[in-house]
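As a plain string of letters, each chain reads:
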Amino acid sequence: MNDPQDPTSTPAPTPTPLTIPTTEARGMARTRKPGASDAGYRGRTVWAVVCGALATWTGLGLTAAAAWLITRAAGQPPLSALSVAIVAVRACATLKGVFRYSERLAGHDVALRAQAAERGRLFAALAPAGPVRRGGDLLSRMVSDSDAVQDLLVRCLLPAVGAAAGVTGALAVAVWLLPAAVPLVAAGLLTAALPVPAAAAATARRWARRTAPARAELAALTADLAHGADDLAAYGATGRARAAAAGAAERLTALERRRARAQAAATALAVLVQGLTVLAVVLLARRHDAGQVTTAVLALATLVGFEPVLPLPRAAEDWVTARAALRRLRGTAGATPDSADSSSGGLPAVPGASPAGPCTVRVEDLTVRYRPGAAPALDGVGLVLRPGRRIAVVGPSGSGKSTLLGALAGLVTAERGGVVLTGADGRALRAGAGPEGEAARRVMTGLVTEPYVFHASLRDNLALARPDAGDAELAEALAVAGLTEWAGRTGWDTVLREDGGSVSGGQLQRVALARAVLRDPAVLLLDEPTEALDPETADGVTARLLARPAGDRTTVWVTHRLSGLAAADEIVVLEEGRVTQHGTHDELVARPGYYRDAWECELLAGGLAGVGAGRD
Ligand SMILES: Nc1ncnc2c1ncn2[C@@H]1O[C@H](COP(=O)(O)OP(=O)(O)OP(=O)(O)O)[C@@H](O)[C@H]1O
């Protein structure tokens, strides 16, 4: 989705496959020297700019020479008197085409390379943060905003250079032929080149503010239509939802039409200035008795000098959009772990770096309230999660389990207290937003948001969590999630659908789980990893998760299902936002309370009777 708060946000284009580098490509990317590619960009950009200017000047030369040739030829002079002009016309015509072609080639080449590099940088910045961002947002930034890098050069910089060349060329012709016309030509060209584009940019900003809410509304209704299609059909509400989306589309179209009219008015104004300037130049040349040839050449050179200036209002509008997109891209990269390394977050030792070695997590008086006045979702929770422990969090629905995991992942803001992660090196980080929180999230993350599969291959969907993972590690993560057989049938390189349409709910959940397992952070957070699975599969996944050698890794997982929790080192029971019980399975079933009641209910439900009998 686009950022509805950002007025210059543009709708995300049709999703294209999210191409995540394969192992080999990632290797190549690592070995490429950044300095070499930067120098390559600069060289190509300079070449595009030079060719653009030369194309404009040769175009001017072509018009001036042709005008001179035609008006001189009217007087039927000897052919030899025209030969230089004939050669000039041919040379300029050929060179103009060559320079324009070279400009387009070099410009688009560097723009597409820069765009690809920007997407690579963005991906590299986002991937280590783990599965904490929604795919739509990621895809929008990968596809839509990184287009801005391309637009900036092709639609903004090159037109601006062309306009500057046009202005200087036309002024040079005026200086050469009729210096008295210079102020007039300069005034006309600068009016079309400066205030008109500035006005167009201001108008673009104003209209963007008006269209952004309409676009956000349409995006939300369209997403509802796509993602909620089954529910809408089940309740006979598809027609209503379609009508609402169509209404939003019409409102947006009406606004866009008015915005296009404003854009056309800016271009028309520039054309009007062009016409008036040429007319004024002709009148001035006549007053100075400049002669037919001079008047014709001067008028046509002025006319052609305006040509590269006319696209400037459009370029100014594109500049507004591109700048906003670049700001968003910088914001994304700025909030990523790589850039977080440059910020201290008020901590000692290496600024912004994650704690090293085994990590201890202290949850101190954690109180979370989603709305002022509402009951707290967490109320003074205090816990110490030691390295290497496997800790299950259980409790009734709405007791605050997901909120606790969200707070550990730094996705939930605490009203009071907080979560502090301390590494073996003594370095402490507070979970939350900002660079410090990002650094904490690098080592304390996992499956904490709704599972999501990207429009990418199974391999790339997994590699999102660890781009440098080898095939053996990918296969191991899949095995823990119980997806080995499915992966064998589906194929590692089959593209999965972004909306999860090509995988079942349970498979989607397990792909996300495999991703979290592959990431293998020091503190692995899992929010109901077996939620969408049948009891037998869920038990298998839990058993494999708990059977993995823990080492120093702490695993915190939220679950409703108590089967298998005998293997957990600790069980935390949350009720109404408070920790009411804390101990091992055996300790908790021996005490009256929520855990024993829930355990007995599970046994009575029948599915676990065998497991319970086996244990006892
Ligand atoms: N985004 C939110 N906005 C407002 N209230 C919320 C939000 N998320 C959770 N809550 C409220 O906070 C409380 C705790 O919710 P939470 O999702 O953490 O519980 P839970 O134990 O994970 O529940 P479940 O087992 O049903 O997933 C609930 O009363 C819930 O309604």
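If you're wondering where the values come from, they're calculated on a predicted model, not measured in any experiment.

Caption draft 1: View of the overall build of the protein chain. A tally of helices and strands in the protein chain yields 22 helices and 10 strands. Buried positions account for 42% of the 616 residues belonging to the protein chain. Sequence separation of 24 or more characterises 77% of the internal contacts of the protein chain that already satisfy a separation of 6 or more.

Caption draft 2: The site of the ligand, seen in detail. Taken together, Tyr370, Ala377, Gly395, Ser397, Gly398, Ser399, Gly400, Lys401, Ser402 and Thr403 form the complete shell of residues around the ligand. When grouped by side-chain class, the residues that make up the shell around the ligand number two nonpolar, seven polar and one charged.

Caption draft 3: Main features of helix H7 (residues 195-227). Spanning 33 residues, H7 covers 46 Å between terminal C-alpha atoms, matching the ideal 48 Å at 1.5 Å per step. At threonine 211, H7 is deflected by roughly 30°, the largest bend along its length, and proline proline 213 occurs up to four residues later in sequence.

Caption draft 4: Geometry of the sheet that holds strand E6 (residues 444-447). On the basis of which strands lie adjacent, the open sheet formed by six strands has the order E6-E7-E8-E3-E9-E10 and mixed pairing. If you trace the sheet from one side to the other, it starts and ends with E6 and strand E10 (578-583), each paired once. Neighbour to neighbour, the strand axes of the sheet diverge by 20° on average, direction disregarded. Bridge analysis of E6 against strand E7 (residues 523-527) gives four bridges, and the strand direction is parallel.

Caption draft 5: Expanded view of helix H19 (residues 535-547). Here H19 spans 18 Å end to end across 13 residues, near enough to the 18 Å set by a 1.5 Å rise per residue. Looking at H19, one finds that the buried residues are Ala538, Val541, Thr542 and Leu545. All buried residues of H19 lie within an arc of 100° about the axis, which places them on one face of the element. Exposed and facing more than 90 degrees away from the buried side of H19 are Glu536 and Ala547. Where H19 is buried, its residues meet helix H16 (471-480).

Caption draft 6: Inspection of the pairing of E10 at higher detail. Pairing between strand E9 (residues 570-575) and E10: five bridges, direction antiparallel. Counterpart to valine 573 in the pairing with E10 is glutamine 581. Following E9, the chain reverses through two residues before pairing antiparallel with E10; glutamate 576 in that reversal takes a positive phi of roughly 45°.

Caption draft 7: Expanded view of unusual backbone geometry. With a phi angle near 50°, glutamine 76 is a residue other than glycine that sits in the positive phi range. Residue position: glutamine 76 is located in the loop between helix H2 (34-73) and helix H3 (79-126). Its 7 C-beta neighbours within 10 Å are what place glutamine 76 among the exposed residues. Here the phi dihedral of glutamate 528 falls at roughly 45°; this positive angle occurs in a residue that is not glycine. With respect to the helices and strands, the residue glutamate 528 is situated in the loop between E7 and H19. When the 20 C-beta atoms within 10 Å are taken as the criterion, glutamate 528 is described as buried.

Caption draft 8: Up close: the sheet that holds strand E1 (residues 360-368). The strand order E2-E1-E4-E5 describes an open sheet built from four strands, whose pairing is antiparallel. Each having just a single partner strand, strand E2 (378-385) and strand E5 (428-430) make up the two edges of the open sheet. Adjacent strand axes in the sheet meet at a mean angle of 15° when their direction is disregarded. Judged from the six bridges that link them, E1 and strand E4 (residues 416-422) form a sheet pairing that is antiparallel. Counterpart to threonine 360 in the pairing with E4 is threonine 422. Relative to E5, helix H14 (residues 434-443) is tilted by about 110°, and along the sheet it contacts E4 and E5.

Caption draft 9: Structural detail: the environment of alanine 254. Looking at where alanine 254 falls in the secondary structure, it is placed in helix H9 (residues 238-287). Separated by 43 residues in sequence, alanine 254 and threonine 211 have C-alpha atoms that sit 9.7 Å apart.

Caption draft 10: Here's a closer look at the pairing of strand E3 (residues 390-394). Along E3, four of the five residues are buried, which leaves the element largely enclosed by surrounding structure. Note: E3 against strand E8 (residues 554-558), four bridges, orientation parallel. Residue arginine 390 lies in a different strand from E8, and its bridge partner there is threonine 555. Across four bridges, E3 lies against E9 in parallel orientation. By the bridge assignment, valine 393 is partnered in E9 with valine 572.

Caption draft 11: Region of the structure containing the packing of helix H5 (residues 147-177) against helix H10 (residues 292-306). Packing of H5 against H10 leaves a shortest axis separation of 8 Å and a crossing angle of 165°. Viewed along their axes, H5 and H10 adopt a mutual orientation that is roughly antiparallel. As for how H5 packs across H10, the hand of that crossing is left-handed. Between H5 and H10, the residues in contact are Gly166, Val167, Gly169, Ala170, Val173, Ala174 and Leu177 and Thr294, Val297, Leu298, Ala301, Thr302, Gly305 and Phe306, respectively.

Caption draft 12: Focus on the nonpolar core. The biggest cluster of nonpolar side chains holds 79 residues, and the ones touching the most others in it are Ala407, Leu408, Met444, Ala514 and Leu525. When residues in this core are grouped by element, the largest group, eight residues, is from helix H18 (residues 505-519).

Caption draft 13: Quick look at the packing of H5 against helix H6 (residues 182-193). Running from amino to carboxyl end, H5 crosses H6 at an angle of 170°, the nearest separation of the two axes being 9 Å. In terms of orientation, H5 lies roughly antiparallel with respect to H6. Listed contacts from H6 to Ala163, Val167, Ala170, Leu171, Ala174 and Val175 of H5 are Val182, Val185, Ala186, Leu189 and Ala193.

Caption draft 14: Here's a closer look at the environment of glycine 228. When you line up the elements, glycine 228 lands in the loop between H7 and helix H8 (229-234). The spatial distance from the C-alpha of glycine 228 to the C-alpha of alanine 241 is 9.9 Å, given a sequence separation of 13 residues.

Caption draft 15: Representation of the confidence of the model for the protein chain. Counting all residues, the mean pLDDT for the protein chain is 81, and 82% of those residues have values of 70 or more. Summarising per-element confidence for the protein chain, the mean pLDDT is lowest in helix H12 (residues 337-340) (34) and highest in E9 (96). This model gives residues 1-36 a pLDDT under 50, and the stretch forms 62 contacts once residues within four places in sequence are excluded. When the criterion is pLDDT under 50, residues 334-351 qualifies, and its contacts beyond four places in sequence or with other chains add up to 37 contacts. Prediction confidence for the complex, expressed as pTM and ipTM, is 0.55 and 0.97 respectively.

Conventions used here
Residues numbered from 1 in each chain as written. Predicted model: local features only at pLDDT ≥ 70, side-chain atom pairs only at ≥ 80, totals over all residues. Helix = DSSP H or I, 4+ residues; strand = E, 2+ residues; numbered from the N terminus. Buried ≥ 20, exposed ≤ 12 C-beta atoms within 10 Å, placed from the backbone. Contact = placed C-beta atoms within 7 Å. Near = placed C-beta within 6 Å. Nonpolar A, V, L, I, M, F, W, Y, C, P; charged D, E, K, R; others polar. Expected span 1.5 Å × (residues − 1). Bend = angle between axes of the 7 residues up to and from the residue. Pairing = 2+ DSSP bridges. Axes fitted to C-alpha atoms, helices over the stretch in contact; angles between N-to-C directions. Arc of directions from axis to C-beta. Parallel < 35°, antiparallel > 145°, perpendicular 65-115°, else oblique. Left-handed = near helix turned anticlockwise from the far one by under 90°. Core = buried A, V, L, I, M, F, W, Y, C linked by C-beta atoms within 7 Å. pLDDT = per-residue confidence, 0-100.

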